[in-house]
Amino acid sequence: MISFRKAHRSDLPAIIDLLADDMLGQSREVVSDPVDPRYEQAFAAIEADGNQLMAVAVDGEGKVLGCLQLSFIPGLSRTGMWRGQIESVRIAASQRGTGLGSRFIEWAVEKAAERGCQLVQLTSDKARPDAIRFYEKLGFIASHEGLKRSL
């Protein structure tokens, strides 16, 4: 049985493994033992911020099968509307195509609604066309162009 929950510090190595397990993640993540201190610092900051939720999908034995980060963003536009921002979505290769990803995203959407968000948004790298099709099947619309600038 699969369940979704807030990530614990002990989940961090498994989360990093998931983030590194794709063509883009291989070049930008650092899988190491012990965990790179930058991940520890980032996890602590996420955990300390009430508007951040690092979540995991786990099986009956507690094995991490997926991860995502959900940020709750207050805003002034649209009469003070809150948004949910979904980031860092990964599903274990062995679980892709099982429906786990769809259920996990819908769980995150429900969490955003519970917090009063009126919109849920996400970005996906253009190098991930399968992921983009996946999100479109879940009702996400490519209504904006996203731009990023590395610092």
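Residues numbered from 1 in each chain as written. Predicted model: local features only at pLDDT ≥ 70, side-chain atom pairs only at ≥ 80, totals over all residues. Heavy atoms only, no water.

Bridging between strand β4 (residues 82-91) and strand β5 (residues 117-122) involves 5 bridges; their strand directions are parallel. The residue bridging Gln 85 from the neighbouring strand is Gln 121, located in β5. (Pairing = 2+ DSSP bridges. Helix = DSSP H or I, 4+ residues; strand = E, 2+ residues; numbered from the N terminus.)

Inspection of every chain in the model, using the stated rule, returns 9 salt bridges. For Asp 11, the salt bridge identified is with Arg 5, shortest N-O distance 2.7 Å. Given a relative accessible area of 5%, Asp 11 falls into the buried group. According to the relative accessible area criterion, Arg 5 is partly exposed, its value standing at 23%. Linking Lys 126 and Glu 145 is a salt bridge whose minimum nitrogen-to-oxygen distance equals 3.7 Å. With Lys 126 in the loop between β5 and α6 (129-137) and Glu 145 in the segment after α6, this pair connects stretches of sequence that are 19 residues apart. Of the two residues examined, Lys 126 and Glu 145, each falls in the exposed class. Salt bridges sharing common partners tie together Asp 22, Arg 90 and Arg 128. (Salt bridge = Lys/Arg side-chain N within 4 Å of Asp/Glu carboxyl O. Buried < 20%, exposed > 50% of the residue type's maximum accessible area, 1.4 Å probe, protein only.)

The next point concerns the packing of aromatic side chains. This structure, assessed with the given rule, holds 5 aromatic pairs. Ring geometry for Phe 4 versus Phe 104: centroids 4.8 Å apart, planes at 10 degrees, classification stacked. Here Phe 4, found in strand β1 (residues 3-6), pairs with Phe 104, found in helix α5 (residues 100-114); they are 100 residues apart in sequence, far enough to count as distant. Comparing Phe 4 with Phe 104 shows no difference in burial state: the two are buried. Each member of the aromatic cluster is reached from another via a ring pair, and the members are Phe 4, Phe 104 and Trp 107. One residue, Arg 115, lies across the ring of Phe 72, its end atom 4.1 Å from the ring centre. (Phe/Tyr/Trp six-rings, centres within 6.5 Å; stacked < 30°, edge-to-face > 60°. Lys NZ or Arg CZ within 6 Å of the ring centre and 35° of its normal.)

Below, the discussion takes up unusual backbone geometry. Cis peptide bonds are those with omega within 30 degrees of zero, and the linkage from Asp 33 to Pro 34 qualifies with 10 degrees. Tracing the backbone shows Pro 34 in the loop between α2 (25-28) and α3 (37-48). Non-glycine residue Thr 79 carries a positive phi angle of around 55 degrees. Among the structural elements, Thr 79 can be located in helix α4 (residues 77-80). Taking the relative accessible area as the measure of exposure, Thr 79 reaches 82% and is therefore exposed. At Ser 88, a residue that is not glycine, the phi angle is positive and equals roughly 50 degrees. Note that Ser 88 resides in strand β4.

To continue, consider the environment of Arg 28. Structurally, Arg 28 is set in helix α2. The partly exposed category is assigned to Arg 28, whose relative accessible area is 46%. Along the primary structure Arg 28 and Lys 137 are separated by 109 residues, whereas in three dimensions their C-alpha atoms are 28 Å apart. Residues contacting Arg 28, with those up to four places away along its chain left out, are Arg 90 and Arg 128. (Contact = heavy atoms within 4.5 Å.)

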